[in-house]
Amino acid sequence: MMPSVAGWLLCGGEGRRMGHQDKGLIAMHGEPLASRLLARLAPQVDSITINANRNQDRYKDLMRQHGLPACVLGDDTDLGSFQGPLAGLVTALRHTDAELLMCASCDTPHLPTDLVQRLREAQQAQDLDVVVPVTIEPDGSTRHHWVCVLIHRRCQASLEADVRNGERRVGVWIQRQRWIGVSFPDPSAFLNVNTPEVLHGQA
C-alpha cells in the first residue's frame, strides 16, 4: 500500500514582487491562483490544507467552492510571521498525520496532474526524505523546483533545527537531506506567477 500524502498549499507570503498583494487571491484568467492550484493538487492527495497568514476566511470559501474541508492554517506563532516557505513547511509537518507531505506554492497554477504519483514512486523506491521535480529550461539549464516538494514526516526535527538556526532557503535545507530530483518534461508546468509581468503574459 502506498503511504498517505497530505497536500499543503503555501499562500502565506508577503507577495513583495506583487505589490504586497495576497498572491493566492490574485486572479489569473478570472480565477484566483490558489483556486487554480486546488483544482490541480487536491485530486492527487489524501487531504489538503492552505497555509495562509492573512485573508483566511476567503481561503476557506475557496476550499468550500471546491467541495473541500475548509482547512486553513497560518504559520505557527512561535515561528514568527512572514518568515518564508520553510516556516510553512515546519507548520505543515507539525499538523499532519500523513507519512508524506506534498507542498506547493500558490503561484504555480499549472502543476502536472501526475506530480504526486511520480514523486511518491521515487520516494518509495529508495526510502528518501525529500523528492523535488526538476526541469530542463529552454536555455538548457537545469532547474530544481525546491518549493514544490514531497517530504517525509521524519524530516520535522531537521527542518525545525535549520529554521531555529536562521535558515530561510528551502533548497539549502533540502540538500542536507537524503533527496533526489525527478525529471519532468514540461518546464511550463512549473511556471511561477510571481510578478505582474508573468501574470499578464509579458514574461
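Residues numbered from 1 in each chain as written. Predicted model: local features only at pLDDT ≥ 70, side-chain atom pairs only at ≥ 80, totals over all residues. Heavy atoms only, no water.

**A few points about the confidence of the model for the chain**
The criterion, for reference: Values of pLDDT, ranging from 0 to 100, describe the predictor's confidence in every residue of the model. Helix numbers and strand numbers start at the N terminus; a helix is a DSSP run of H or I with at least 4 residues, a strand a run of E with at least 2.
Of the residues in the chain, 89% reach a pLDDT of 70 or more, and the chain-wide mean stands at 89. Model confidence for the chain, summarised as mean pLDDT per element, is weakest for helix 7 (residues 196-199) at 48 and strongest for strand 9 (residues 149-152) at 98.

**A look at helix 4 (residues 115-126)**
We count it as follows: The span one expects for a helix is its residue count, reduced by one, times 1.5 Å. Contact between two residues is taken to exist if any of their heavy atoms lie within 4.5 Å; hydrogens are not considered.
With 12 residues, helix 4 should cover 16 Å at 1.5 Å per step; its first-to-last C-alpha distance of 18 Å lies within 8% of that length. Each element contacted by the buried residues of helix 4 is listed here: strand 1 (5-10), helix 1 (33-41), strand 6 (100-105), strand 7 (130-136), strand 9 and strand 10 (179-183).

**Some words on the pairing of strand 9**
Regular strands have side chains that alternate between both faces of the sheet. Let me state the cut-off plainly: Exposure classes here rest on a 1.4 Å probe applied to the protein chains alone. A residue is buried below 20% of its type maximum, exposed above 50%, and partly exposed in between. We treat two strands as partners when DSSP finds at least two bridges between them.
Along strand 9, one buried face is formed by V149 and I151 and the opposite face, lined by L150 and H152, is buried too. Pairing between strand 6 and strand 9: four bridges, direction antiparallel. Bridge assignment links M102 to a residue of strand 9, and that residue is L150. Inspection of the sheet shows strand 7 paired to strand 9 by two bridges, in the antiparallel sense. In the strand pairing of strand 9, V131 is matched with L150.

**Examining the packing of aromatic side chains**
Condition: Pairing of aromatic side chains here covers Phe, Tyr and the six-membered ring of Trp, requires ring centres within 6.5 Å, and sorts the geometry by plane angle: under 30 degrees stacked, over 60 edge-to-face, intermediate tilted. By definition, being over a ring means that NZ of Lys or CZ of Arg is both within 6 Å of the ring centre and within 35 degrees of the ring normal.
Inspection of the entire model under this criterion finds two aromatic pairs. Relative to F190, the ring of F184 lies with its centre 5.5 Å away and its plane at 70°, an arrangement referred to as edge-to-face. Judged by its relative accessible area of 2%, F190 falls in the buried class. Over the aromatic face of F184 sits the side chain of R118, whose NZ or CZ is 4.3 Å from the ring centroid.

**Section: the environment of P133**
When you line up the elements, P133 lands in strand 7. Separated by 11 residues in sequence, P133 and H144 place their C-alpha atoms 6.2 Å apart. Residues in contact with P133, not counting those within four places in the same chain, are L115, L119, R143, H144, H145, C148, V182, F184 and F190.

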